[in-house]
Amino acid sequence: MVRNALLLALTFSAGYVDALSYLGLGRVFTANMTGNTVLLGIAIAQLNSEAAVRSTLALAGFLSGAVPAAWIVERDRSESPWPRAVTVALSLEGMILAVFAVGWRLADQLPASVPILVVLSALAMGVQSAAAHRLEVSGVTTTVLTGTLINLAARLMGRGRPRNRPVFRRSMLLAGVWAIYFAGA
């Protein structure tokens, strides 16, 4: 139960970061790479090099966070519901977000701050995504909601749910993930 609450808190932060980055960093997503990939395609089609660079930086930043975080969390073979390595990775995310917050505060004084802030934000969200993935909660991610909504629909229709688990509890978690991300945004 605590793990689910912590996943919802992470989901809220991802929704918040995505809204913040989209509105404050030039219409780029730094948590949702599906949306960001679409924005990159649009930017290329419209020959908008500034938007293409922002989307590319977000994708690169996200992967730069996800890869080392996956290395950290996947080495921990613990069967614990919340492995120590997840806490280590999320501590790293917190440090990156703290640097991001300071950079955001100083952005007016730093002329080239937007690209740096895009990368920092995406880097943190990549770390978070890898850490959340390690928790192996079926159908739940903190930064990608399309799969979560598909899992919710499947569970509500009776498919994809374990027979020994009540459909209501798992469906509420999946619905909660979407609602909390929405609230964060």
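Structural data are supplied above this passage.
Here's what I pulled together on the structure shown here. (Residues numbered from 1 in each chain as written. Predicted model: local features only at pLDDT ≥ 70, side-chain atom pairs only at ≥ 80, totals over all residues. Heavy atoms only, no water.)

### Describing the overall build of the protein chain
Then, number 1: The number of helices and strands found in the protein chain is seven helices and zero strands.
Then, number 2: Counting from the amino terminus, helix and strand elements in the protein chain follow one another as α-α-α-α-α-α-α.
Then, number 3: Over its C-alpha trace the protein chain gives a radius of gyration of 17 Å, about what one expects of a compact globule, namely 16 Å for 185 residues.
Then, number 4: Counting only C-alpha atoms and orienting by the principal axes, one finds that the protein chain spans roughly 55 × 35 × 25 Å.
Then, number 5: A separation of at least 24 residues holds for 67% of the contacts in the protein chain among residues at least 6 apart in sequence. (Helix = DSSP H or I, 4+ residues; strand = E, 2+ residues; numbered from the N terminus. Rg over C-alpha atoms; globule rule 2.2 N^0.38 Å. Contact = heavy atoms within 4.5 Å.)

### Remarks on the nonpolar core
Then, number 1: With 38 residues, the main nonpolar core has Met125 and Val140 as its most contacted residues.
Then, number 2: A per-element tally of this core places helix H5 (residues 113-134) first, with 10 residues.
Then, number 3: When residues no more than four places from it in sequence are discounted, the contact partners of Val140 are Leu7, Thr148, Leu173, Leu174 and Val177. (Core = buried A, V, L, I, M, F, W, Y, C linked by side-chain atoms within 4.5 Å. Buried < 20%, exposed > 50% of the residue type's maximum accessible area, 1.4 Å probe, protein only.)

### Overview of the packing of helix H1 (residues 2-24) against helix H4 (residues 84-105)
Then, number 1: Direction vectors running N to C along H1 and H4 enclose 30 degrees, while the axes themselves pass 14 Å from each other. By the angle between their axes, H1 is roughly parallel relative to H4. Two packed elements cross with a definite hand, and for H1 against H4 that hand is left-handed. From H1, Leu10, Val17, Leu20 and Gly24 reach across to H4, where they touch Leu90, Glu93, Leu97, Phe100 and Trp104.
Then, number 2: When grouped by side-chain class, the residues that make up the contact of H1 with H4 number seven nonpolar, one polar and one charged. (Axes fitted to C-alpha atoms, helices over the stretch in contact; angles between N-to-C directions. Parallel < 35°, antiparallel > 145°, perpendicular 65-115°, else oblique. Left-handed = near helix turned anticlockwise from the far one by under 90°. Nonpolar A, V, L, I, M, F, W, Y, C, P; charged D, E, K, R; others polar.)

### Digging into unusual backbone geometry
Then, number 1: At Arg27, a position not held by glycine, the phi torsion is positive, near 60 degrees.
Then, number 2: Despite not being glycine, Leu47 shows a phi value in the positive range, around 55 degrees.
Then, number 3: Turning to its location among the elements, Leu47 is positioned in the loop between helix H2 (33-45) and helix H3 (49-74).
Then, number 4: Exposure remark for Leu47: the relative accessible area of 76% places this residue in the exposed category.

### Focus on the environment of Arg170
Then, number 1: Along the chain, the position of Arg170 falls in helix H7 (residues 167-184).
Then, number 2: The spacing of Arg170 and Ala52 is 118 residues in sequence and 38 Å in space, taken between C-alpha atoms.

### A short note on the environment of Pro68
Then, number 1: Residue placement: Pro68 occurs in helix H3.
Then, number 2: The class for Pro68 is partly exposed, based on a relative accessible area of 37%.
Then, number 3: Considering only alpha carbons, one finds Pro68 and Leu20, 48 residues apart in sequence, at a separation of 25 Å.

### A closer look at H5
Then, number 1: Taking 1.5 Å as the rise per residue, H5 with 22 residues should run 32 Å; its terminal C-alpha atoms sit 32 Å apart, in good agreement.
Then, number 2: Among the 22 residues in H5, 16 count as buried, and that is most of the element.
Then, number 3: Looking one or two residues past H5, Glu136 carries a phi angle of roughly 55 degrees, positive in sign. (Expected span 1.5 Å × (residues − 1).)

### Some thoughts on the packing of aromatic side chains
Then, number 1: The final tally for this structure, using the stated rule, is three aromatic pairs.
Then, number 2: Ring geometry for Tyr22 against Phe29: centres 5.1 Å apart, planes inclined by 20 degrees, an arrangement best described as stacked.
Then, number 3: Judged by its relative accessible area of 25%, Tyr22 falls in the partly exposed class.
Then, number 4: Looking at Phe29, the relative accessible area reads 22%, which means it is partly exposed.
Then, number 5: Taking 5.4 Å as the distance between ring centres and 10 degrees as the angle between the ring planes, the aromatic pair formed by Trp178 and Phe182 counts as stacked. (Phe/Tyr/Trp six-rings, centres within 6.5 Å; stacked < 30°, edge-to-face > 60°.)

This is a description of form; function is not addressed.
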